[in-house]
Amino acid sequence: MIQTVRGTRDILPDDMPLWHRVEAVAREAFRRYGFREIRTPIFEKTELFARGVGEATDIVHKEMYTFTDRARVDSIQSGGESLTLRPENTASVVRAYIQHKMFADKSPGELTKLYYIGQMFRRERPQAGRYRQFYQIGVEVMGSSDDPAIEAEVIEMLDWFLKELKITNTTLLINSVGEPASRAVYLETLREAIRPKLDQLCTDCHHRFETNALRVFDCKNESCQTVIKDLPTITDSLDEASRQHFEQFKAHLDARGIAYTVNPRMVRGLDYYTRTAFEIVGHDGLGAQNTLVGGGRYDGLSETIGGPPTKGFGFAFGLDRMVMALPESEAEQLRAADAPDVFIVFLGKTARAHSFTVAQQLRAAGVAVAMEFEDRKMKKAMAAADKARASFALIIGDNEVASGTYGLKNLKTGEQESLTLDEIISKFGSVPGAVATG
Ligand code: AMP
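Residues numbered from 1 in each chain as written. Predicted model: local features only at pLDDT ≥ 70, side-chain atom pairs only at ≥ 80, totals over all residues. Heavy atoms only, no water.

### With respect to the packing of helix 1 (residues 16-32) against helix 12 (residues 328-337)
Rules: A fitted line through C-alpha atoms represents every axis, and for helices the fit uses only the stretch in contact; the resulting angles, taken between N-to-C directions, go from 0 to 180 degrees. Strands are runs of DSSP state E lasting at least two residues, helices are runs of H or I lasting at least four, and both sets are numbered from the N terminus onward. Each angle gets one of four labels, with under 35 degrees taken as roughly parallel, over 145 as roughly antiparallel, 65 to 115 as roughly perpendicular, and the rest as oblique. By definition, residues are in contact when any of their heavy atoms lie within 4.5 Å. Note on residue classes: Ala, Val, Leu, Ile, Met, Phe, Trp, Tyr, Cys and Pro are nonpolar, Asp, Glu, Lys and Arg are charged, and everything else, Gly too, is polar.
Following both chains from N to C, one finds helix 1 and helix 12 inclined at 105°, their axes separated by 8 Å at the closest point. Overall, the two elements helix 1 and helix 12 adopt an arrangement that is roughly perpendicular. Between helix 1 and helix 12, the contacting residues are Pro17, Leu18 and Arg21 on the first element and Ala331, Leu334 and Arg335 on the second. Grouping the constituent residues of the contact of helix 1 with helix 12 by class yields 4 nonpolar, no polar and 2 charged.

Below you can see the structure in the form of structure tokens.
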């Protein structure tokens, strides 16, 4: 028996209503706040992530699915290229923004607001809430403005999204990681502070110390954490402009009534962040992998991958984890609603043939109809309707075929009515779940 690859999984039909709900609420949030969808390829040139996300990050250093493309037989020049399954999507969206010149013919201050939904791939150690193929939904706001009001508005959108999903027990963590120039000065201070304690750090942290000391804060190792908690934080060395930006950002959150906690050690695992960084942490049903949302500002990422000067701000959340964070009562309701409106119970050959036409007409009118093709006794057929979790059983026997009125039995209350097809169709116009198509 061949099974799924470690760290990947099937999302089964029982769970799909939950996934659809999270996606639908996200799309509704994006519609309200003026974001439009973009889809980028699942694999890109390795260089995009190496340069964009940063060589020193855990993602690029040890988690990417990278492969050499086959050389083409008819060309000695093409092929042999290094490609990577995307580990995140910000670099790809910024690449698309540059490639399609979305910045052209924009007036000053005009923003490009994009969102995406799709699979990402990271070779992390699998555990509950952490997979090697996982799904992210994210947004990117790009343009010439770095107004902190943009950041607050995006977070306000997330706030609406979480409330709509009834995910209430969460904490917004914010920090500023400063500008590249002030960060360079801070990195020296940080390296000086780490150097005498190097022997207490893991081999990964040694690598981080050499390549980008800030990444030491990403280490999840407990013994490293005891060193990390005493290290100087970037907040202490913020440049004046970043400090002011952070103050304004907080004021915008206050004005919107959004609660937050400043965490000076939260630096996010990607190199492209400048100034504002944030996470939303969930507390229910998530276990150790409780970061629901991660995001921040990435002014300069465009330049890093060969584009024009661009300011950017965005976030991504894990769809897998968002589904896990849905309250159980919500999940139950969503699963229950994912069922047929009507299950056709037919009795005998003539009724069976007639049922096909009835089913066709109901479906054409937008009713979700289930039926099976086996000719069964009434009791067995009703059991099948229950098993299908249908709301109603539509009973068709020889008499019904002759009279053109059918028995419609409410499977929850047990009530039964005798109705014509037209009456049934108009009834379902008002039943939630049945889509009136007009
Ligand atoms: P990041 O791109 O690392 O900033 O992560 C953003 C969000 O994506 C996290 O907060 C998680 O919700 C989700 N995420 C990241 N890595 C994984 C993973 N390996 N499995 C499941 N979800 C993930």
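### Some words on helix 7 (residues 203-211)
The following threshold applies: A simple rule labels every residue: compare its accessible area, found with a 1.4 Å probe on the protein chains alone, to the largest value its type can have, and call it buried under 20%, exposed over 50%, or partly exposed in between. Note that the arc is defined by the directions from the helix axis to the C-beta atoms.
Of the positions making up helix 7, those classed as buried are Cys205, Arg208 and Phe209. Axial view of helix 7: buried residues confined to an arc of 100°, hence all on one face. Pointing more than 90 degrees away from the buried face of helix 7 are the exposed residues Thr203 and Glu210. As for helix 7, its buried residues are in contact with helix 3 (58-63), helix 6 (180-194) and helix 8 (222-228).

### Things to note about the state of the cysteines
Where two cysteines share a covalent bond between their sulfur atoms, that bond is called a disulfide. Heads up, the rule is: Two cysteine sulfur atoms make up a disulfide if the distance between them is within 2.5 Å.
Counted by the stated rule, this structure contains 0 disulfides. Looking at the unpaired Cys202, the closest cysteine sulfur is the one in Cys224, lying at 3.7 Å.

### Points about unusual backbone geometry
Positive phi, close to 40°, is recorded for Asp105, a residue that is not glycine. Even without a glycine there, the phi angle at Arg275 is positive, about 55°. You can see Arg275 is positioned in strand 9 (residues 274-282). Using a relative accessible area of 8% as the deciding quantity, one classes Arg275 as buried.

### Re the environment of Ser237
Structurally, Ser237 is set in the loop between helix 8 and helix 9 (240-255). Using a relative accessible area of 28% as the deciding quantity, one classes Ser237 as partly exposed. Considered as a pair, Ser237 and Leu187 are 50 residues apart in the sequence and their alpha carbons are 9.8 Å apart. Discounting chain neighbours no more than four positions away, the residues touching Ser237 are Ser182 and Tyr186.

### Digging into the sheet that holds strand 14 (residues 392-396)
So the rule is basically this: In this scheme, strands are said to pair when DSSP sees at least two bridges between them.
Spatial strand order, 13-12-14-15-16: 5 strands in an open sheet with mixed pairing. The outermost strands of the open sheet, each flanked by one partner alone, are strand 13 (369-371) and strand 16 (416-420). Going from strand to strand, the sheet's axes swing by 30° on average, the running direction of each strand aside. Across 4 bridges, the pairing between strand 14 and strand 15 (residues 405-410) is antiparallel. Residue pairing across strands places Ala393 opposite Lys409, the latter belonging to strand 15. The strands that helix 13 (residues 349-364) touches are strand 12 (342-346), strand 13, strand 14 and strand 15; relative to strand 13, the one it contacts most, it runs at about 160°. Packing of helix 14 (residues 378-387) onto the sheet brings it into contact with strand 12, strand 14 and strand 15, and relative to strand 12 it is tilted by some 165°.

### So, the sheet that holds strand 4 (residues 82-85)
Here 3 strands make up an open sheet; going across it, the order is 2-4-3 and the pairing antiparallel. A strand with exactly one partner marks an edge of an open sheet, and here the two such strands are strand 2 (43-45) and strand 3 (65-68). Sheet twist, expressed as the average angle between the axes of neighbouring strands with direction ignored, equals 35°. Pairing between strand 2 and strand 4: 3 bridges, direction antiparallel. Within the sheet, the bridge partner assigned to Phe43 lies in strand 4 and is Leu85.

### Notes on the domain arrangement of the chain
The following threshold applies: Here the limits of each domain have been adopted from an automatic or database domain assignment.
Taken domain by domain, the chain holds domain 1 (16-178 + 238-331) and domain 2 (340-428). For domain 1 and domain 2, the distance between their C-alpha centres works out to 48 Å.

### Looking at the packing of helix 5 (residues 148-164) against helix 9
The following threshold applies: We call a crossing left-handed when the near helix sits turned anticlockwise from the far one by less than a right angle, and right-handed when that turn is clockwise.
Packing of helix 5 against helix 9 leaves a shortest axis separation of 8 Å and a crossing angle of 40°. In terms of orientation, helix 5 lies oblique with respect to helix 9. Crossing handedness for the pair helix 5 and helix 9: right-handed. Note on element contacts: helix 9 touches helix 5 through His245, Gln248, Phe249, His252 and Leu253, opposite Pro148, Ala149, Glu151, Ala152 and Ile155.

### Quick word on the packing of aromatic side chains
Selection criterion: Any pair of Phe, Tyr and Trp rings, taking the six-membered ring for Trp, is counted once the centres come within 6.5 Å. Such a pair is stacked with planes under 30 degrees apart, edge-to-face with planes over 60 apart, and tilted for the rest. Placement of a positive charge over a ring is assigned whenever Lys NZ or Arg CZ falls within 6 Å of the ring centre and within 35 degrees of the normal to the ring plane.
One pass over the full model with this rule turns up 13 aromatic pairs. Relative to Tyr135, the ring of Trp19 has its centre 5.2 Å away and its plane inclined at 80°; by these criteria the two rings are edge-to-face. With Trp19 in helix 1 and Tyr135 in strand 6 (residues 133-143), the pair connects residues that are 116 residues apart, well separated along the chain. With relative accessibility at 4%, the residue Trp19 sits in the buried group. Note on Phe278 and Phe313: the rings are 6.0 Å apart at their centroids and 25° apart in plane angle, and the pair reads as stacked. One end of the pair, Phe278, is in strand 9; the other, Phe313, is in strand 11 (residues 311-318), and 35 residues separate them in sequence. One exposure class covers both Phe278 and Phe313, and it is buried. Through a chain of ring-to-ring contacts, three or more aromatic side chains come together here, namely Phe30, Phe35 and Tyr115. Looking at Arg9, its charged tip hangs above the ring of Tyr131, at a distance of 4.0 Å from the centre. The ring of Phe35 has Lys113 lying over it, and the distance from NZ or CZ to the ring centre is 4.9 Å.

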